[in-house]
Amino acid sequence: MKFLFTVIFSASILLSAAQENVPATDSFSIRGKVKSEFTFNVRDAGQYTAHTLDSLVIYNHLHQPKKTVRKLSGILLKDVLDKAGLAETNTKRMSGYYFTCVASDGYKIVFSWNELYNSPAGSEIWVVTEANGLAGVAMPDRVLLVAAGDINTGRRYLKGLKEIRVNAVN
């Protein structure tokens, strides 16, 4: 009986650890293998080219709709990364670079350099600057990162982005 209680208790903790009630962030830093570390603040969004989308359905891993985000506006993640610049100039070695996006609750998603800069997916991965009629610091899920072209959009729907770590495989 004690074992069963322990299993149920542990499962409830793990299930509650999904990305819910994430502390909002107003900025995120870009560090690692970059020319210069950089901090993006939501107030800086106007310096970038904005992209819009009428709505985006967020699907879970079973492809079940969980919610719809409306009136999206955002900037491409690669445009923000360009501000920090990669420390590497050899394009062959750039193919080994990857970006770990970390949320304020520890949730992580990873993008490869080729995914962002050498495929259509790079034009679908946004730092969201406006959603559901709210912009900047008024957005409750800021800083929000989405991969709008994904099939199961919830897997890379990251709330509370606080850091991007730039690394390379050996």
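Residues numbered from 1 in each chain as written. Predicted model: local features only at pLDDT ≥ 70, side-chain atom pairs only at ≥ 80, totals over all residues. Heavy atoms only, no water.

Asker: What is the right way to look at the pairing of strand β1 (residues 27-32) in this model?
Answerer: Each regular strand carries side chains that alternate between the two faces of the sheet. Direction of pairing for β1 relative to strand β2 (residues 38-41): antiparallel, over a ladder of four bridges. Counterpart to Phe28 in the pairing with β2 is Phe40. Taking the residues that link successive antiparallel strands as the turn, the β1-β2 hairpin has five residues. Inspection of the sheet shows β1 paired to strand β11 (residues 161-168) by four bridges, in the parallel sense. The partner of Ile30 across the bridge, within β11, is Ile164. (Pairing = 2+ DSSP bridges. Helix = DSSP H or I, 4+ residues; strand = E, 2+ residues; numbered from the N terminus.)

Asker: What is the right way to read the packing of aromatic side chains from this model?
Answerer: Remark: the centre distance and the inter-plane angle together describe each pair of aromatic rings, the angle taken between the planes. Using the criterion set out here, one finds three aromatic pairs in the structure. Judged by centre distance (5.6 Å) and plane angle (20°), the ring pair of Trp113 and Tyr117 falls under stacked. On the criterion of helical spacing, the pair formed by Trp113 and Tyr117 is a turn pair, its members being four residues apart in helix α4 (residues 113-117). Overall, the relative accessible area of 27% leaves Tyr117 in the partly exposed class. (Phe/Tyr/Trp six-rings, centres within 6.5 Å; stacked < 30°, edge-to-face > 60°. Buried < 20%, exposed > 50% of the residue type's maximum accessible area, 1.4 Å probe, protein only.)

Asker: What is the right way to read the pattern of salt bridges from this model?
Answerer: Note that side chains of opposite charge can pair when their charged atoms are close. Applying the stated criterion to the full structure yields eight salt bridges. The salt bridge involving Glu163 is made with Arg31; its shortest N-O contact spans 3.4 Å. One end of the pair, Glu163, is in strand β11; the other, Arg31, is in strand β1, and 132 residues separate them in sequence. Several salt bridges converge on common partners, so that one network encompasses Arg31, Glu37, Glu163 and Arg165. (Salt bridge = Lys/Arg side-chain N within 4 Å of Asp/Glu carboxyl O.)

Asker: I keep staring at the confidence of the model for the chain and nothing clicks. Help me out?
Answerer: Caution is warranted with low-pLDDT regions, since their predicted coordinates should not be read in detail. Residues with a pLDDT of 70 or more make up 89% of the chain, whose mean pLDDT is 89. Throughout residues 3-17 the model reports pLDDT below 50, and contacts reaching past four residues in sequence, or to other chains, amount to zero contacts. (pLDDT = per-residue confidence, 0-100. Contact = heavy atoms within 4.5 Å.)

Asker: Sorry, what's going on with the pairing of strand β5 (residues 97-103) here?
Answerer: With six of seven residues buried, β5 is to be regarded as a mostly interior element. Of the strand pairs in this sheet, β5 and β11 are connected by seven bridges, and their pairing is antiparallel. From the neighbouring strand, Val102 faces β11, where its bridge partner is Glu163. With five bridges connecting them, β5 and strand β6 (residues 108-112) associate as antiparallel partners. Looking across to β6, one finds that Thr100 is bridged to Val110.

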